[in-house]
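A closer look at the structure
The chain contents come next:
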Amino acid sequence: MKLKSMTLREMEVLMKELGQPAFRGKQLYTWLHKGARSYDEMTNLPKDLRAVLEEKYPIYAPVAVRRQESKLDGTRKYLWQLEDGNCVETVLMRYHYGNSVCISSEVGCRMGCAFCASTLGGLVRKLEPHEMLDQVLFTQLDSGLPISHIVLMGIGEPLDNLENVLRFLELVNSKEGMNISLRHISLSTCGLVPKIDELARQKLQLTLSVSLHAPNDEIRDTIMPVNRAYPVEELLAACRRYYQATNRRISFEYAMINGVNDAPEHAKELLRRLKGLPAHFNLIPLNHVEESPLKPSTKAAVAKFQKLLEDGGVTATVRRTLGGDIDASCGQLRRKHTKENQ
Ligand code: SAH
């Protein structure tokens, strides 16, 4: 395991193994979580220890190969190059409550959703815990903007990489690290039911977002292949179990696609199916992806859909589009970069 993916406890154990006092573990952990780029910076560690670490655990800091800033709303987008040359995207969004980063959990994705640019080239590999942490840390350092919120809604399916994601959450939440509250973190999934149950067992205070995007199997089957493995009723049953285990309201994402899932009858069907489950809907007008024939719903259709949900007692917000001028939606920048370099 990479040094930076280790918990504080594990670093203390490592120090003992290297014949050092345990407090060196905390010093090292603190340096790494402040974004140290080399052992030379760690002036409170003995020189010979630094040399040993350099040999065994060389430090790599991700490189920003592209940076874009929206002129419309200050949204920033980074394309980070990882140690093996692969790239992932991170988006920094500025809200009244603080700065939020949208991070990637995998290089590519194998879920195959019809509207999503992240999945077009398939899955390359899963990200390691420190590669998720580095996106938060180096976006903060590069932008000079303190990050208080995280959404796991970038490239990849976080529940397809659950073990590493859980470790990342422990790191980013640690007092000696970035200390970001789990209540300020959202995790978005396309609906891997057994993994939702596994996450529920952790009883974390994060927000679970479920990419529902359709009221029934007939529609969902056509846009999300995962639905054939875990159909709508099973997914909603898992959401109910999740709510029972954590007492956290589920947030549903619903990309509004013209003529596919945006009719009034679809809103009514959702209301029938969601009965008794505390939920919040995020309506997202589809971001058009070049390779896809799917188009966004009209403003009027979105507004009507929202009103029907609200009238039925389900809170629904229309997601403000940020970074519309900088390819800021899922996988678009990485896709462009890969195409240009082919
Ligand atoms: N794999 C996870 C998280 C990544 S995607 C998931 O499926 O939830 C984050 C959100 O953006 C998901 O709700 C996804 O369905 C949505 N999304 C992907 N492409 C989109 C597009 N072109 N327009 C609108 N939303 C999109």
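Residues numbered from 1 in each chain as written. Predicted model: local features only at pLDDT ≥ 70, side-chain atom pairs only at ≥ 80, totals over all residues. Heavy atoms only, no water.

1. Focus: the domain arrangement of the protein chain
A common way to express how large an interface is: the accessible area buried when the components associate. Here the domain parsing of the protein chain yields domain 1 (3-56) and domain 2 (63-341). Put simply, the middle of domain 1 and the middle of domain 2, counted by C-alpha atoms, are 34 Å apart. Here domain 1 and domain 2 share an interface that buries about 1200 Å² over both sides, 57% of which is from carbon and sulfur atoms. It is K4, S5 and H33 that lose the most area in domain 1 upon contact with domain 2, and together they represent 48% of the buried surface on that side. Across the contact surface, domain 1 and domain 2 share five residue pairs in polar contact (both at pLDDT 80 or more). Taken together, the elements giving at least two residues each to the side of domain 1 that touches domain 2 come down to α1 (8-17) and α2 (23-33). Of the residues that constitute the side of domain 1 that touches domain 2, the class distribution is four nonpolar, five polar and five charged. (Domains from an automatic or database assignment. Buried area = accessible area lost by both parts, 1.4 Å probe. Polar contact = N/O pair within 3.5 Å; in protein donor to acceptor, adjacent residues only side chain to side chain. Helix = DSSP H or I, 4+ residues; strand = E, 2+ residues; numbered from the N terminus. Nonpolar A, V, L, I, M, F, W, Y, C, P; charged D, E, K, R; others polar.)

2. Considerations on the pattern of salt bridges
Throughout the structure, instances matching the rule amount to 17 salt bridges. Linking E10 and R167 is a salt bridge whose minimum nitrogen-to-oxygen distance equals 2.7 Å. In this pair, E10 is assigned in helix α1 and R167 in helix α5 (residues 162-173), connecting sequence segments 157 residues apart. Looking at E10, the relative accessible area reads 28%, which means it is partly exposed. Salt bridges here are not isolated pairs; linked through shared partners, they connect D84, R125 and E131. (Salt bridge = Lys/Arg side-chain N within 4 Å of Asp/Glu carboxyl O. Buried < 20%, exposed > 50% of the residue type's maximum accessible area, 1.4 Å probe, protein only.)

3. So, the sheet that holds strand β8 (residues 185-189)
If you trace the ten strands from one edge of the open sheet to the other, you get β1-β2-β3-β4-β7-β8-β9-β10-β11-β12, paired in mixed fashion. The sheet is open, and its two edges are formed by β1 (63-69) and β12 (315-318), each paired on a single side. With strand direction ignored, the average angle separating the axes of adjacent strands in the sheet is 25°. Looking at chain direction, strand β7 (residues 147-152) and β8 are connected through three bridges and run parallel. Bridged to I150 within β8 is I185. (Pairing = 2+ DSSP bridges. Axes fitted to C-alpha atoms, helices over the stretch in contact; angles between N-to-C directions.)

4. Quick notes on the site of the ligand
Around the ligand, the structure places 17 residues, and the nearest of them are F115, S188, S211, H213 and N287. One nitrogen or oxygen atom from the main chain of T189 is found 3.4 Å from an oxygen atom belonging to the ligand. Here N287 contributes a backbone N or O atom positioned 2.8 Å from a nitrogen atom of the ligand. Within the complex, the protein chains bury 93% of what would otherwise be the 530 Å² of accessible surface of the ligand. In the shell around the ligand, the residues fall into eight nonpolar, seven polar and two charged. (Near = heavy atom within 4 Å. Areas by Shrake-Rupley, 256 points an atom, 1.4 Å probe, with all protein chains shown as cover.)

5. Remarks on the pairing of β8
Most of β8 sits out of view: five of its five residues are buried. Both faces of β8 are covered, namely the face carrying I185, L187 and T189 and the face carrying S186 and S188. Of the pairings in the sheet, the one linking β8 to strand β9 (residues 207-211) comprises four bridges and is parallel in character. Across the sheet, the residue bridging to T189 is V210, located in β9. Read as a crossover between parallel neighbours, the route from β8 over helix α6 (residues 193-202) to β9 is right-handed. (Right-handed = clockwise from strand over helix to strand, strands pointing away.)

6. Some remarks on a negative patch on the surface
A surface patch of like charges, here negative, comprises D40, E41, E54 and E55. Here D40 lies in the loop between α2 and α3 (47-56). Looking at D40, the relative accessible area reads 61%, which means it is exposed. (Patch = residues over 30% accessible without salt bridge, like charges linked within 9 Å, V, L, I, M, F, W, Y side chains within 5 Å. Lys, Arg positive; Asp, Glu negative; His and termini not counted. Charge placed at Lys NZ, Arg CZ, Asp CG, Glu CD.)

7. Considering the pairing of strand β4 (residues 98-102)
The element β4 is extensively covered by neighbouring structure, given that five of its five residues are classed as buried. For strand β3 (residues 87-95) and β4, the ladder comprises five bridges, and the chain directions are antiparallel. Note on β4: the bridge partner recorded for V91 is C102. The loop that links β3 with its antiparallel partner β4 comprises two residues. Pairing between β4 and β7: four bridges, direction parallel. Bridge assignment links S100 to a residue of β7, and that residue is H149.

8. Considering a positive patch on the surface
A cluster of like positive charges, contributed by K268, R272, K275 and K304, occupies part of the molecular surface. Position of K268 relative to the elements: it lies in helix α10 (residues 264-273).

9. A closer look at α6
All buried positions along α6 are accounted for by V193, I196, D197, L199 and A200. Here the buried residues of α6 occupy an arc of 160° about the axis, which is enough to place them on one side. If you follow the buried residues of α6, they end up packed against α5, β8, β9 and α9 (232-246). K203 sits one or two residues past α6 and shows a positive phi near 50°. (Arc of directions from axis to C-beta. Contact = heavy atoms within 4.5 Å.)

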